[in-house]
Amino acid sequence: MGLLSQGSPLNWEETKKHADHIRAHGIIQFVNIYNKLKDRQKDVLKWGDEVEYMLVELDDKDEKVRLSLNASDVLDTLQGQGEKINPNHPTLWRPEYGSYMIEGTPGQPYGGTMSEFNTVEGNMGKRRREASSILNQNEILCTITSFPRLGCPGFTNPEYPPTPVESGVSKSLFFPDEAINIHPRFSTLTRNIRHRRGEKVTVNVPTGLFSTGSKSTCWVSVFRDKCTPSPFVEEFPEDDGESARAALPDHIYMDAMGFGMGNCCLQVTFQACSIDEARYLYDQLATFCPIVMALSAASPFYRGHVSDIDCRWGVISASVDDRTREERGLEALKNNKYRIFKSRYDSIDSYLSKCGEKYNDIDLTIDESIYQQLLGAGIDKLLAQHIAHLFIRDPLCTYKEKLNQDDENESDHFENLQSTNWQTMRFKPPPPNSDIGWRVEFRPMEVQLTDFENAAYVVFVVLLTRVILSYKLDFLIPLSKVDENMKVAQKRNAVQEGLFYFRKDIFKSCNPGLDSASSAQNGLETDCTNEDYTLMSIDTIINGKDGVFQGLIPILNCYLENMEVDVDTRCTILNYLKLIKKRASGELMTMAKWMRDFVAKHPEYKQDSVITDKINYDFIVRCDKIAKGEEQCPELIGKPVNKFK
């Protein structure tokens, strides 16, 4: 997760004093990287995935499950028996926000050959076995996006009370500080976000199993089942009044960064051949973020309640929202502050390629002086405004030992801001003095229950990049429509019920030269019109519909038929695409739909939107058996051929 420097972290008041210094040198570092590497070409197409895991302890006697807070020990052991003794070890392990979380990646990036797709699931399986082999008795490794009873009394082992007083890191009524990873970055981020904001973070989630969906990306309402109290209102005995003012009726209230960053996800990073290709991929993949997020929906439960959303995105966005009341538009601006329209964890705000420029229809708040500095350094308008927009934020985690850096050979000040702008896509410049090229990171996916599913989603997205680059496809639509898609994607059962804006003619590829020169001479209209895109279901987007859209799966199959692919790899890929195809059509459930169905049918569920310890225990036990292949789940996964047993 982001920049994991070592040192003495500064509190918010100290960090604020150095914010301008960090921004100024971060820009210098970026300019140095850009000037050195802007013409770098012919990097190999490489990519890798990141899977986040939860450590869970089963109490079979009392039929309870708790999050096990020993991730640091597990991580030390994994690194000690892996990368620290063998730099070519096939797996790498890193810390994550929760002290019950770890992140696993392949030891080396995958390459550009098709046969690499046949090794992804095997490597994920190796990670799962590696970590599982060193866990304590009754501990298991789970790839679930959200732990259903996160924040409920006794949800951790060891059990700790929350620390709602001012001395607490998050000041949460529900999430103990001990559940935060011991690396100083994580507690410092948590405390400094709260101090910069001037109050605790606020997450309100609508509850529900079958109701119509949330009204915005930041509110999570409770599901209104037959026996759910109306209005659904909670009392907070330990509250000093702040939470009571922030909590909304009929919503699940949460008050800590851990409720967002304490969830798990699945991400993919791609190395492009050049900076231009990276910018092109960044833009094209941005349009897929809401589509793939809805397809991977896996988080309908929060703080022991059934919610009316299926994805974590709005929850995590609100959980790290450090904007002040002025920046959020709740009070008049003062002291030359900006009006900032989104949390620093949200969808992208501008395309980076020349082809995307005409679709940048979102108001973009930028630091004007940084923008002019970048233009003066020879950086084009689109990239300059992207960086100037990221740098309207303050640094959140600064180390005393890292204040003064060698701007020619270090980039920590740039990464300080870059790594705490958590957007759907991330454009990643090469680190100084490395053989790593220009990269993009695809960030919206929810983690799935099994290695098969996670491999399927990863391979699907990687194949999309290959098809986009090979066929020079153009999926761009106005960015405001992508934002609307993001809101739809989080709603309950968006895969089946949601409609998404999508481009109709993707083979009419952009010609930047024509757009910038000939169109001006000939009076051609370059702005996107409503005729270029239309509302489609995910089934139409993925599987196609006659007269509307040819479908991504048929395009991928066409691409595969023209490639030299061995039979074994082709079988693997088709198995993965079948999962995506059937999830899109509704023949198979999303993880979120399956979770709702499990709770609704549980004999202890009282139709009151509450997930009890017993329900949670049975759910996690079932998940574990499915992940290990001990039980089949055809309604979720179908009947794939498992070659890795």
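Residues numbered from 1 in each chain as written. Predicted model: local features only at pLDDT ≥ 70, side-chain atom pairs only at ≥ 80, totals over all residues. Heavy atoms only, no water.

Participant: Explain the overall build of the chain to me, please; I cannot follow it from the model alone.
Facilitator: Counting secondary structure elements, the chain contains 23 helices and 17 strands. For the chain, the C-alpha radius of gyration of 24 Å lies close to 26 Å, the compact-globule estimate for 645 residues. Seen through its principal axes, the chain has C-alpha atoms that stretch 75 × 60 × 55 Å. Residues classed as buried in the chain amount to 61% of the 645 residues present. Long-range contacts, defined here as pairs at least 24 residues apart, represent 76% of the contacts in the chain between residues at least 6 apart. About 24,500 Å² of surface is accessible on the chain, with carbon and sulfur atoms providing 48% of the total. Each charge class in the chain can be summarised by its mean position, and for the 76 positive and 93 negative side chains these summaries are 2 Å apart. (Helix = DSSP H or I, 4+ residues; strand = E, 2+ residues; numbered from the N terminus. Rg over C-alpha atoms; globule rule 2.2 N^0.38 Å. Buried < 20%, exposed > 50% of the residue type's maximum accessible area, 1.4 Å probe, protein only. Contact = heavy atoms within 4.5 Å. Areas by Shrake-Rupley, 256 points an atom, 1.4 Å probe, with all protein chains shown as cover. Lys, Arg positive; Asp, Glu negative; His and termini not counted. Charge placed at Lys NZ, Arg CZ, Asp CG, Glu CD.)

Participant: Help me understand the environment of I620, please; the structure alone is not making it clear to me.
Facilitator: Looking at where I620 falls in the secondary structure, it is placed in helix α22 (residues 613-627). Of the residues examined, I620 reaches a relative accessible area of 0% and is grouped as buried. Separated by 472 residues in sequence, I620 and P148 have C-alpha atoms that sit 9.3 Å apart. Setting aside its immediate chain neighbours within four residues, I620 contacts V56, L58, V65, I140, C142, I144 and F147.

Participant: Can you walk me through the packing of helix α2 (residues 19-37) against helix α11 (residues 368-376) in this structure?
Facilitator: When two helices pack together, their arrangement is captured by the angle between the axes and the distance separating the axes. Running from amino to carboxyl end, α2 crosses α11 at an angle of 25°, the nearest separation of the two axes being 11 Å. Relative to α11, α2 is oriented roughly parallel. Seen along the crossing, α2 lies across α11 with a hand that is right-handed. On the side of α2, the interface is formed by R23, I27, I28, F30 and V31, while α11 contributes I370, Q373 and L374. (Axes fitted to C-alpha atoms, helices over the stretch in contact; angles between N-to-C directions. Parallel < 35°, antiparallel > 145°, perpendicular 65-115°, else oblique. Left-handed = near helix turned anticlockwise from the far one by under 90°.)

Participant: Quick question: what am I supposed to make of the pairing of strand β3 (residues 91-95) here?
Facilitator: For a regular strand, the rule is simple: side chains alternate between the two faces of the sheet. The element β3 is largely enclosed, with a buried count of four among its five residues. Bridging between β3 and strand β4 (residues 101-106) involves five bridges; their strand directions are antiparallel. Pairing of P95 across the sheet is with I102, part of β4. (Pairing = 2+ DSSP bridges.)

Participant: Honestly, helix α21 (residues 591-601) in this entry has me stumped. Any pointers?
Facilitator: Every α-helix carries 3.6 residues per turn, so stepping three or four residues along brings you back to the same face. Every buried residue of α21 is accounted for by M591, A592, W594, M595, R596, F598 and V599. Turning to α21, the residues buried within the fold contact β10 (301-302), β11 (305-306), α22 and α23 (634-637).

Participant: Honestly, the nonpolar core in this entry has me stumped. Any pointers?
Facilitator: Generally speaking, soluble globular proteins have nonpolar side chains that are buried together. Of all hydrophobic cores here, the largest spans 190 residues; its most connected members are I102, F460 and W594. Examining the composition of this core, we find that 14 residues originate from one element, helix α14 (residues 451-471), more than from any other. Apart from the residues within four sequence positions on either side, W594 is in contact with L449, M589, F619, R622, C623, I626, C633, E635 and L636. (Core = buried A, V, L, I, M, F, W, Y, C linked by side-chain atoms within 4.5 Å.)

Participant: Teacher, can you tell me more about the pattern of salt bridges here?
Facilitator: Pairs can form between side chains of opposite charge once their charged atoms are near each other. As enumerated under the stated definition, the model contains 49 salt bridges in all. In this structure, R127 and D49 form a salt bridge, with 2.7 Å as the shortest nitrogen-oxygen distance. One end of the pair, R127, is in helix α4 (residues 120-132); the other, D49, is in strand β1 (residues 46-59), with 78 residues separating them in the sequence. Like R127, the residue D49 is buried in the burial classification. Salt-bridge contacts for K614 lead to E63; the nearest nitrogen and oxygen are separated by 2.9 Å. Remark: E63 occurs in the loop between β1 and β2 (64-68) and K614 occurs in helix α22; sequence separation between them is 551 residues. Its relative accessible area of 31% is what places E63 among the partly exposed residues. A single network of salt bridges, built from pairs that share partners, joins D20, R23, R196, D322, E327, R344 and D394. (Salt bridge = Lys/Arg side-chain N within 4 Å of Asp/Glu carboxyl O.)

Participant: Just to check I follow, could you spell out the packing of helix α19 (residues 552-561) against helix α20 (residues 567-585) for this structure?
Facilitator: α20 packs onto α19 with a crossing angle of 175° between their chain directions and a minimal axis gap of 11 Å. By the criterion of interaxial angle, the relationship of α19 to α20 is roughly antiparallel. In this structure, α19 uses I553, L556, N557, L560 and E561 to contact α20, whose residues at the interface are R570, I573, L574, L577 and I580.

Participant: Quick question: what am I supposed to make of the confidence of the model for the chain here?
Facilitator: Reading fine detail from the predicted coordinates is not recommended where pLDDT is low. Scored by pLDDT, the chain has a mean of 92; 92% of the residues are at 70 or more. This model gives residues 209-219 a pLDDT under 50, and the stretch forms 37 contacts once residues within four places in sequence are excluded. Contacts of residues 513-526 to residues separated by more than four positions or lying in other chains number nine contacts, the stretch itself having pLDDT below 50. (pLDDT = per-residue confidence, 0-100.)

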